Amino acid sequence: LILQYNINVFQERQIKYIRIMMNSKSIIDLMIKNEEAFSRLYHKFAAIYPDSQFWIKLSKEETVHAQWLRALSQSCDTRVLEVSSLTLSQIKNMLKTIEEEINSKKDVSLEGALKKTLHFENSFIEHSYFDIFSDSSPSAHKVMENLKNETLHHIERVEKYLDKQKSDERKV
């Protein structure tokens, strides 16, 4: 009876481990897709608005973020990352919203694009997107911390640009 109990507990732990591994990998893969979608969105904005270098720089930075996550994903094969606050469906919803914006044919003013960018970037902070893994893996923690800092930096730059844009409009 005790042996059967130990076998059942072991099997449950193995199943949980496999689920966490699959969930972690799926979440990181979606996070990569999010970063790539942001890169495409900013590239789209670069083609539309006058200060294309601002948008191109953001786009390139998002590509680098995707590379960081790819490296983390590859190291996940041997590590279990316990997922905390964010779910697959929440990340999928974020990705869907970004993709819809990329594919949108509606004209958006520069101010509108900046406000959308702020909304997207802020939503990652508000939803604790970068606090997703509760394990103590140094590599996962470092990548998530770097992504969070980069996002905060993006928010700061976009806010400055938006303030400048509003100031320039008042002068006209």
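The present account deals with the structure reproduced in this document. Not measured: the values here are computed from a predicted model.

Observations regarding the overall build of the chain
Assigned secondary structure in the chain consists of five helices and zero strands. The order of α-helices and β-strands along the chain, N terminus first, is α-α-α-α-α. Counting every position in the chain, which comprises 172 residues, the buried fraction comes to 40%. The contacts in the chain between residues at least 6 apart in sequence include a share of 86% that link residues at least 24 apart. Total accessible area on the chain stands at roughly 10300 Å², and carbon and sulfur atoms take up 54% of it.

A look at the packing of aromatic side chains
Inspection of every chain in the model, using the stated rule, returns 10 aromatic pairs. An aromatic cluster of at least three residues, connected via ring pairs, comprises Phe 38, Tyr 42, Phe 45, Tyr 49, Phe 54, Trp 55, Phe 120, Phe 124, Phe 130 and Tyr 161.

Regarding the side chain of His 65
Tracing the backbone through its elements, the reader meets His 65 in helix α2 (residues 52–75). Reaching out from His 65, the side chain makes a polar contact with the side chain of Glu 35 at a distance of 3.2 Å. Leaving out residues up to four positions away in the same chain, His 65 has contacts with Glu 35, Leu 147, Glu 150 and His 154.

Basis of the calculations
- Residues numbered from 1 in each chain as written.
- Predicted model: local features only at pLDDT ≥ 70, side-chain atom pairs only at ≥ 80, totals over all residues.
- Heavy atoms only, no water.
- Helix = DSSP H or I, 4+ residues; strand = E, 2+ residues; numbered from the N terminus.
- Buried < 20%, exposed > 50% of the residue type's maximum accessible area, 1.4 Å probe, protein only.
- Contact = heavy atoms within 4.5 Å.
- Areas by Shrake-Rupley, 256 points an atom, 1.4 Å probe, with all protein chains shown as cover.
- Phe/Tyr/Trp six-rings, centres within 6.5 Å; stacked < 30°, edge-to-face > 60°.
- Polar contact = N/O pair within 3.5 Å; in protein donor to acceptor, adjacent residues only side chain to side chain.

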